[in-house]
Amino acid sequence: MTDNCRAVIKPDIVFFGKDLPKRFFTFQHDFTKCDLLIVMGTSLQVQPFADLINSVNPRTPRILFNREKVGPFVKCKRKEDFTMTGDISDSTRKFMDMLGWEHQLDSYLQKQQKEKKKARGKEICGSSKGEKKTDR
């Protein structure tokens, strides 16, 4: 809550111990149809999310981009599993380069930076006196 807004700011996430939204369970059937599963930046410790990676077809390749191997990627029992450990930004960049997508990635990142700069300059909350408060 802020002094000027008097409103609670809640991120669009599910906190530990809280129920997942119903829409979460409608997406589970998508995993059986995917051709490739990319998993990034996770401990794979929190259920039921952690089990989603096991919902893909056993022959579907799964790639983990993470600081370290986690979950079923530790033992790598599936020959379709691949891991890129270390810094996620570096690993993702290497992967995109291997696919020849570095130009698309750079374009996307530049667009995202412009949007962030634009959003920082916008008013996020005003007082009743018309004062503008911006994110710092």
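As shown above, the structure is provided for reference.
Conventions we followed
- Every chain's residues receive numbers from 1 upward, in the order its sequence appears when written.
- Residues qualify for local features only when their pLDDT is at least 70, as the model is predicted, and side-chain atom pairs are given and counted only at 80 or more; totals for whole chains, interfaces and linings, by contrast, use all residues.
- Excluding hydrogens and water, the side-chain figures rest on all heavy atoms present in the structure.
- Here's how the labels work: a residue is buried when its accessible area is under 20% of the maximum for its type, exposed when over 50%, partly exposed in between, all with a 1.4 Å probe on protein chains only.
- By the criteria applied, helices consist of DSSP H or I runs no shorter than four residues and strands consist of E runs no shorter than two, each listed in order from the N terminus.
- Think of it this way: DSSP has to see at least two bridges between two strands before they count as a pair.
- By salt bridge we mean one thing: a side-chain nitrogen of Lys or Arg within 4 Å of a carboxyl oxygen of Asp or Glu.
- The term nonpolar core refers to a set of buried residues drawn from Ala, Val, Leu, Ile, Met, Phe, Trp, Tyr and Cys, joined through side-chain atoms within 4.5 Å.
- Contact definition: two residues touch when any of their heavy atoms are within 4.5 Å.
- What a helix is expected to span follows from its residue count: subtract one and scale by 1.5 Å.
- An arc is given here, and it is the one of the directions from the helix axis to the C-beta atoms.

### Some remarks on the pairing of strand β2 (residues 62–66)
The buried fraction of β2 amounts to five of the five residues, a majority that puts the element mostly inside the structure. Residues Arg62, Leu64 and Asn66 point to one face of β2 and Ile63 and Phe65 to the other, with burial holding for every one of them. By the bridge criterion, four bridges tie strand β1 (residues 37–40) to β2 in an arrangement that is parallel. If you follow valine 39 over to β2, its bridge partner there is leucine 64. As paired strands, β2 and strand β3 (residues 81–85) are joined by five bridges and run parallel to one another. Considered in β3, the bridge of phenylalanine 65 is made with methionine 84.

### Observations regarding the environment of phenylalanine 27
Along the polypeptide, phenylalanine 27 turns up in the loop between α1 (22–26) and α2 (28–31). Phenylalanine 27 sits 25 residues away from leucine 52 along the chain, and the two C-alpha atoms are 9.9 Å apart.

### Digging into the pattern of salt bridges
The tally for this structure, following the rule as stated, stands at three salt bridges. Put simply, aspartate 81 and arginine 78 hold a salt bridge, and the shortest N to O gap is 3.6 Å. Across the pair aspartate 106 and arginine 93 runs a salt bridge whose closest N-O atoms are separated by 2.7 Å. Remark: arginine 93 occurs in helix α3 (residues 88–99) and aspartate 106 occurs in helix α4 (residues 102–121); sequence separation between them is 13 residues. In this structure aspartate 106 comes out as partly exposed when scored by relative accessible area, which is 29%. Linked by salt bridges that have partners in common, Arg62, Arg78 and Asp81 make up one network.

### Describing the nonpolar core
Judged by nonpolar contacts, Leu37, Val39, Leu44, Ala50, Ile53, Val56, Leu64, Val70 and Phe73 together constitute the single largest core of nine residues. Beyond its immediate stretch of four places on either side in the chain, valine 56 contacts Phe31, Cys34, Leu37, Arg62 and Arg78.

### Points about α3
With twelve residues, α3 should cover 16 Å at 1.5 Å per step; its first-to-last C-alpha distance of 16 Å lies within 8% of that length. Among all positions of α3, only Ser91, Thr92, Phe95 and Met96 are buried. Axial view of α3: buried residues confined to an arc of 135°, hence all on one face. In α3, those exposed residues whose orientation departs by more than 90 degrees from the buried face are Ser89, Lys94 and Met98. Where α3 is buried, its residues contact β1, β2, β3 and α4.

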